[in-house]
2 protein chains.
Amino acid sequence: MKKKVILVIIDGLGDLPIPELDHKTPLESANTPMLDMLASKGICGMNTTIAPGIPPGSDTAHLSLFGYDPKKYYTGRGIFEAAGLGIPLKPGDIAFRTNYATVKNGIVVDRRAGRINDDDNELAKVFTDLEFDGIIITYKPSVEHRGCLVLHGNGLSDKITSNDPKIEGNPPATIQALDNDADKTVQILSKLINEVETRLGILDFNKRRVAEDKLPANALLVRGASSAVNFPNFQKKYGLKGASCIAGGALYKGAATLAGMSVINVQGATGRVDSDLKAKVTASIQSLENDDFVFLHFKGADNEAHDGNFIGKTQFLERIDSVLEPLTGMENVVLAITGDHSTPCSLRDHSADPTPILIYFPNCRNDKVDTFSERSAISGGLGHLRGTDTINTIMGMANRTKKFGA
Amino acid sequence: MKKKVILVIIDGLGDLPIPELDHKTPLESANTPMLDMLASKGICGMNTTIAPGIPPGSDTAHLSLFGYDPKKYYTGRGIFEAAGLGIPLKPGDIAFRTNYATVKNGIVVDRRAGRINDDDNELAKVFTDLEFDGIIITYKPSVEHRGCLVLHGNGLSDKITSNDPKIEGNPPATIQALDNDADKTVQILSKLINEVETRLGILDFNKRRVAEDKLPANALLVRGASSAVNFPNFQKKYGLKGASCIAGGALYKGAATLAGMSVINVQGATGRVDSDLKAKVTASIQSLENDDFVFLHFKGADNEAHDGNFIGKTQFLERIDSVLEPLTGMENVVLAITGDHSTPCSLRDHSADPTPILIYFPNCRNDKVDTFSERSAISGGLGHLRGTDTINTIMGMANRTKKFGA
């Protein structure tokens, strides 16, 4: 019988032993009775989303967790942003992450134009009705100075460099084609940036900012060029009636959208440490009534680890543990809990260390692991899973993978 | 923060249980307190340099340990010999291992021409000023009857057979082209062997040997044809400032040279059981002052195993253990210790059995393994590493691999 699946991703879950935590990791240090109970009743292992030794990005890790080999499907960050903001993409469209920036005398003095907090609807109108050589332009603002730009049309390429100088005090970089097929894209982008910056220059919004002694948003930096590719539908691949994403962060909603999942927006789901975890769990249970698959994403542990806050990471993991109870004990549901990558607090960045994984459903082939941690799960029954092994293993346990052979 | 790396390869490390050693392997039988301490403080696993079930050669195993997939980069043994002897190679050059041999009445009576111990400078001059159809010839003698021959030029191929009959009592084999592109190489090699054997026939050196009732070096056997390929630079790949090789054997120096490492010649490093292991460790510590990476190779265990000498192998492993202390306890250094392959004393040859691996650095994710052996490391946190996983895992722990994605 086919089972339903709930996949819980704890972003940045894995860590390294921390001297101040008595040489435990935050997960080992955290009081997590529910995760430990699930580990004890379930089957555990280690999860390497890309390959041994390769630190995963959040984007590539989620592609892999959804069954798309990132070596084949990953073209860059832009399309995740676009999908997360709800911009429709067709194969061949090129998406970019953008920043409004401040340029003075040809020099980028602030890559974030003073982190605009104002309502930027007025700003976004500089992208209205833009078309160059048959290429249509879509822009959607994200938060603060951030946005997403998409070029729709034929003959475009993502094999171009960025104009972001990365370090302030430098002029914007020159956008360059990385191969011959990209010349057209470079030309269109140059015309586009020129026109947008001209419009920004005469905008009342910027005049007001200058009058208030704030930095004007008078330049546009684009990066993360990536071309939309055809993602085989996730639900179709695993024979699912409905697949939902419950996440706060735009990137994760974007990855789920690319896979063809429905994004459920939950009030209080912020993608930050202050997120309403209980509301997300409640929404997941509700989604599971109609859908065969729910992807539930918790972001806060990763944020704390990027800040080097091992106490905060430990506490966030305890908060997650405290809300999991409703997800357990459901008949005909496979519950899988893992991370997309490790984010050791000592590194404040992603690392290649694998994360633990647990899978639980009634009468599963449970092993001897009785706590959920980076070191206890090593001896678990799943062994070391790699890349798309993870989702295939979970779907296999839900009886949703196809027999190969007769 | 990026860490430095020292990779210790114990050649032929792995073995099988030996009845005479109370069913222990030499590594299990050896008294190795330092390796056991490192295993206890570090993270262990199993290392398969090629693929499960495939016995590695020393050349392919080292390619893999340096991050070059041998299926893609291995063209044969010749270029390792050439690089180890310091012959400069350009892509497309073809290198061979050679033997001086003795032929009588058209029959190879000794494939090693009586294992020449004489100073063979006189012999090597038969290769002076050879050029055929624009192809330049380089020859360098190795030890005894051995040498290395390189054809430099365009349009060459390594898809040819050897003239080594393998078994004495047979005539030299006819060198044959294995595809159409190799005809030119066969013709040049035939002319070359003809000319060299003509010169050998009139050499005073050989007249003396015959007068002394020794076997003359009157024939040249060539084998291991391999074409030089472009190896991406090891230091560049992992962002290393300096990478050194400390080894006695020419093959290992050759592999390191192909990867672009610097070869440090240490007095007393013989590549045999009598090697000065302490001097090699001291040289490694010195190299690590300037370089980010040191490859330290110990050969003797493999020699003993090829001779079936399990007592000698056990003792050599104890000798290694006794010199390791200076390599431990360095801040910001990742220490990795493993083998290139197993050489079971009972087989006297390489086998496909994985070798144990340990990695240690302060605050690593240490596991429950507390001795270093083929069987204890099975339950280690690294699981089963395969092929280029090993170097990537080590470099990942040194924070020297690139994030894939954003």
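Being a predicted model, the structure only gives us computed values, none of them experimental.

Asker: Looking at this model, I keep getting lost on the overall build of chain A. Mind explaining?
Answerer: Tallying secondary structure elements over chain A gives 14 helices and 14 strands in all. What you see for chain A is a C-alpha radius of gyration of 23 Å, in line with the 22 Å of a compact globule of 406 residues. Across its three principal directions, the C-alpha atoms of chain A cover 65 × 55 × 35 Å. Out of the 406 residues belonging to chain A, those deemed buried represent 57%. Accessible surface, chain A: about 16,500 Å² in total, of which carbon and sulfur atoms supply 47%. Distance between charge centroids for chain A: 5 Å, based on 45 positive and 49 negative side chains.

Asker: Would you take a moment to explain unusual backbone geometry for this structure?
Answerer: In terms of backbone geometry, most residues other than glycine have negative phi values and most peptide bonds are trans. All names here are of chain B. Its identity is not glycine, yet R115 carries a phi of approximately 45°, on the positive side. Mapped onto the elements of the fold, R115 is located in the loop between β4 (107-110) and α6 (121-124). Unusually for a residue other than glycine, D129 sits at a positive phi of about 55°. Its place among the elements puts D129 in the loop between α6 and β5 (131-132). Note on D129: relative accessible area 74%, which makes it exposed.

Asker: What exactly am I supposed to notice about the relation of the copies chain A and chain B here?
Answerer: Superposing the two chain copies requires a rotation about an axis and a translation along that axis. Of the transformation superimposing chain A on chain B, the axial component is 0.2 Å and the angular component is 122°, with the fit at an RMSD of 0.2 Å. Such a combination of turn and shift is consistent with a three-fold rotation axis. Residue S379(A), judged by its C-alpha, is the member of chain A lying nearest the rotation axis, at 3.7 Å.

Asker: Can you walk me through the packing of aromatic side chains in this structure?
Answerer: To describe a pair of aromatic rings, you give the distance between the ring centres and the angle between the ring planes. Tallied over the entire structure, the rule returns 21 aromatic pairs over all chains. Seen from their ring centres, Y74(B) and F80(B) are 6.0 Å apart, and the 45° between their planes marks the pair as tilted. On the basis of relative accessibility, which here comes to 1%, the residue F80(B) falls in the buried class. Members of the aromatic cluster, joined through ring pairs, are F66(A), F234(A), Y238(A), F293(A) and F295(A).

Asker: Teacher, can you tell me more about helix α11 (residues 277-290) of chain B here?
Answerer: Three- or four-residue spacings in an α-helix give side chains the same orientation, since the helix completes a turn every 3.6 residues. Residues and elements named next belong to chain B. Taking 1.5 Å of rise per residue, 14 residues should cover 20 Å, and α11 covers 21 Å from first to last C-alpha, within 8% of that figure. Those residues of α11 lying buried are L277, K280, V281, A283, S284, S287 and L288. Taken around the axis of α11, the buried residues stretch over an arc of 160°, which confines them to a single face. Across from the buried face of α11, at angles greater than 90 degrees, the exposed residues are K278, E289 and N290. Summarising the contacts, the buried residues of α11 are in contact with β1 (4-10), β9 (243-246), β11 (293-298), α13 (310-323) and β12 (333-338).

Reading the values: rules and limits
- Residues numbered from 1 in each chain as written.
- Chains lettered and ligands numbered in written order.
- Predicted model: local features only at pLDDT ≥ 70, side-chain atom pairs only at ≥ 80, totals over all residues.
- Heavy atoms only, no water.
- Helix = DSSP H or I, 4+ residues; strand = E, 2+ residues; numbered from the N terminus.
- Rg over C-alpha atoms; globule rule 2.2 N^0.38 Å.
- Buried < 20%, exposed > 50% of the residue type's maximum accessible area, 1.4 Å probe, protein only.
- Areas by Shrake-Rupley, 256 points an atom, 1.4 Å probe, with all protein chains shown as cover.
- Lys, Arg positive; Asp, Glu negative; His and termini not counted.
- Charge placed at Lys NZ, Arg CZ, Asp CG, Glu CD.
- Least-squares fit on C-alpha atoms with pLDDT ≥ 70 in both.
- Phe/Tyr/Trp six-rings, centres within 6.5 Å; stacked < 30°, edge-to-face > 60°.
- Expected span 1.5 Å × (residues − 1).
- Arc of directions from axis to C-beta.
- Contact = heavy atoms within 4.5 Å.

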